[in-house]
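Listed here are the chains, written in short residue letters.
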Amino acid sequence: MKRIFSYLTPYKRRMTLGITIKILGTLAELLIPFILTYILEHVIITMEIPRIVLYGVIMILCSVAACVGNVTANRMAAKVTADFSIAMRKDLFSKTLYLSAHDTDQFTIPSLESRTTSDTYNVQNFIGMMQRMGIRAPILLLGGVGITLFMDSALALVMIATMPFIFVTVYGVARRGVPLYTKVQKSTDDMIRVVREDVLGVRVIKALSKNDYENRRYDGYNYALTKQERHASIVMNAVNPIMTLLMNLGIAGVIAVAAYRVSAGTSSAATVIAFTQYFTLISMALMSLSRMFIMYTKCAASANRISEVLDMPDSFPLTEDDGKGDPSSKISFENVTFSYLGKKPNLENITLSVPKGGTLGIIGATGSGKSTVVKLLLRFYDADSGTIRIDGKKISSYTKEELASMFGVALQNDFLYADTIEENIRFGREISHEDIVRAAKIAQAYDFISAMPDGFQHMISSKGTNLSGGQRQRILIARAIAAHPGILILDDSSSALDYKTDANLRHALKESMSDSTVITAAQRVSSVKSCDLILVLDEGRVIGRGKHEDLLENCAEYRQISDSQMGGAFLD
């Protein structure tokens, strides 16, 4: 919770002013029953109308002050809460974007979504209530007890006798709340994961008529979440009826003792009336505190989950370069081995070197490790052993910004967002329209973009659903090319292109990107056959290395792939 409360530091002045106003308004509210008792005992009996009117006006002024003070303080609290939430969510979202792929895998995407939405909502609600009721309720409780002790200590002690039982009940239930609501949030993560999967795969679900199956799968997670919420609610909501019982017992005790004391002449009816009002205020304060404890349990569980993300250390810190690299080599892998789960290697003893302006092709079956090579080069993950270098320097010696500025990347399952084609290619970078047009031409996207009535201003729907697969891939390739990257990575990014368009793309890249080092990971031999160096991967190991012609002679697996694709003939 300390980590979360630190976001309130910039708003201390506003909070102090709001709390001061809240205190003054609550004190004015506390005075009203006391003034009423004084009027009943000392003013009315004088039958002096001006004096009665004066005290009546004082009561009205106290009521107005209480109302205005509470409304003003609540508005200020709402503003502080909103600003606090914006800052917290901004940092959480930013941290989520900067998490390494390894850390993202550990948290999972659905859990990060849940932490950014429902968890921040729980914290926001508690911070708001803390400023509204967290100040008012204790003042009403302590002030009410203090005034009643002053008015009639015997009656006050009867009322106070119930409070230890109330506090023990609230504390005992609140202790169970944090683990219960932690389980609820984990169940929420699971349900979000299912919803996310079904939304992304809705076309496949409909095509295979698996609507009922997915409904049943969702119902299972929905029921599990409901069960956790019901259990938590039953435990936490036990506070209210127990408190109501204890407070009713307290009222009954006060009335019984008050009746005896009034009949004995040691107390007055006006005092009993005031006690009833104060007991009502104290009861409201206790109910508010119980609600705050319930909300605190939710907030504490959510705050812990948010802090886990915010406090996650950088998994891949900067290191010093060892100075052992070859500056003439643009990219080099030196005996690189890597495993996602730390068990079976997904890549094993990978060694390669690509000069500046050279081209590297990586080919292999699904799961052979092609994309893993790309992820390690981008430093989405760090190798378990071996060294990866760019321009002779270890990639761990580059900052994230330096490393990212070197690459242009087009992935097979990359994303497009709801905006114009031009903005999707620009992607928030300072790239001129001329460079965007150039990139579209190289990517073979210019013709179909120009054929649209609004050209580059054509609006793309979310995920590019109003474009064909080939059109989406060409826009993604144009995005990768537009910033003139030193290293261009095409990871199975032309799988939806026909052979003629793919061949035209390769020719355009060769003519226009000669200064860039191009890495192409693909399952098509036609996409890599013109590369200076081709690696053939199988289960994370290099089983073939060389140019296309050499591999046709020396690598049986490569020759088999080539023969299976159009009999080894290619459209150039």
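**Comments concerning the packing of aromatic side chains**
(1) Moving on: For the coordinates displayed, the defined rule picks out nine aromatic pairs.
(2) Moving on: On the numbers, 5.2 Å between centres and 85° between planes, the contact of Tyr 340 with Tyr 381 is edge-to-face. Of this pair, Tyr 340 sits in the loop between strand S1 (329–338) and strand S2 (347–355) while Tyr 381 sits in the loop between helix H12 (370–377) and strand S4 (385–390), and the two are 41 residues apart along the sequence.
(3) Moving on: Residue class for Tyr 340 comes out partly exposed when judged on its relative accessible area of 30%.
(4) Moving on: Arranged with centres 5.9 Å apart and planes meeting at 70°, the rings of Phe 415 and Phe 427 form a pair that is edge-to-face. Of this pair, Phe 415 sits in the loop between strand S6 (407–411) and strand S7 (419–420) while Phe 427 sits in the loop between helix H14 (421–426) and helix H15 (433–442), placing them twelve residues apart in sequence.
(5) Moving on: On the accessibility criterion, Phe 415 (45% relative accessible area) is partly exposed.
(6) Moving on: For Phe 427, a relative accessible area of 34% gives the class partly exposed.
(7) Moving on: Sitting over the face of the ring of Phe 415, Arg 479 holds its NZ or CZ atom 5.7 Å from the ring centroid.

**Structural notes on H12**
The α-helix advances 3.6 residues per turn, and as a result positions three or four apart in sequence lie on the same side.
(1) Moving on: Counted residue by residue, H12 has six buried out of eight residues, so it is predominantly covered.
(2) Moving on: Within the span of H12, buried status applies to Lys 370, Thr 372, Val 373, Val 374, Leu 376 and Leu 377.
(3) Moving on: Arg 379 sits one or two residues past H12 and shows a positive phi near 60°.

**Topic: the confidence of the model for the chain**
(1) Moving on: On average, residues of the chain carry a pLDDT of 85, and 98% of them reach 70 or more.
(2) Moving on: The low-confidence segment residues 568–572 (pLDDT under 50) makes 15 contacts with residues lying over four places distant or belonging to another chain.

**What to know about the sheet that holds S1**
(1) Moving on: Reading across from one edge, S2-S1-S4-S5 is the order of the four strands in this open sheet, with antiparallel pairing throughout. Each edge of the open sheet carries a strand with a single partner, namely S2 and strand S5 (393–394).
(2) Moving on: Of the pairings in the sheet, the one linking S1 to S4 comprises five bridges and is antiparallel in character. For Thr 337, the partnering residue across the bridge sits in S4 and is Ser 385.

**A short note on the pattern of salt bridges**
(1) Moving on: Under the defined criterion, the tally for this structure stands at 17 salt bridges.
(2) Moving on: The salt bridge partner of Arg 305 is Asp 189, with a shortest N-O separation of 3.0 Å. Placement of the pair is Arg 305 in helix H11 (residues 269–310) and Asp 189 in helix H7 (residues 163–200), with a sequence separation of 116 residues.
(3) Moving on: Arg 217 serves as the salt-bridge partner of Asp 198, at 3.4 Å between the closest nitrogen and oxygen. Residue Asp 198 is found in helix H7, and its partner Arg 217 is found in helix H9 (residues 211–236); the two are separated by 19 residues along the sequence.
(4) Moving on: Since its relative accessible area comes to 16%, Asp 198 is described here as buried.
(5) Moving on: Take Arg 217: its relative accessible area is 23%, and that puts it in the partly exposed class.

What counts and how
- Residues numbered from 1 in each chain as written.
- Predicted model: local features only at pLDDT ≥ 70, side-chain atom pairs only at ≥ 80, totals over all residues.
- Heavy atoms only, no water.
- Phe/Tyr/Trp six-rings, centres within 6.5 Å; stacked < 30°, edge-to-face > 60°.
- Helix = DSSP H or I, 4+ residues; strand = E, 2+ residues; numbered from the N terminus.
- Buried < 20%, exposed > 50% of the residue type's maximum accessible area, 1.4 Å probe, protein only.
- Lys NZ or Arg CZ within 6 Å of the ring centre and 35° of its normal.
- pLDDT = per-residue confidence, 0-100.
- Contact = heavy atoms within 4.5 Å.
- Pairing = 2+ DSSP bridges.
- Salt bridge = Lys/Arg side-chain N within 4 Å of Asp/Glu carboxyl O.

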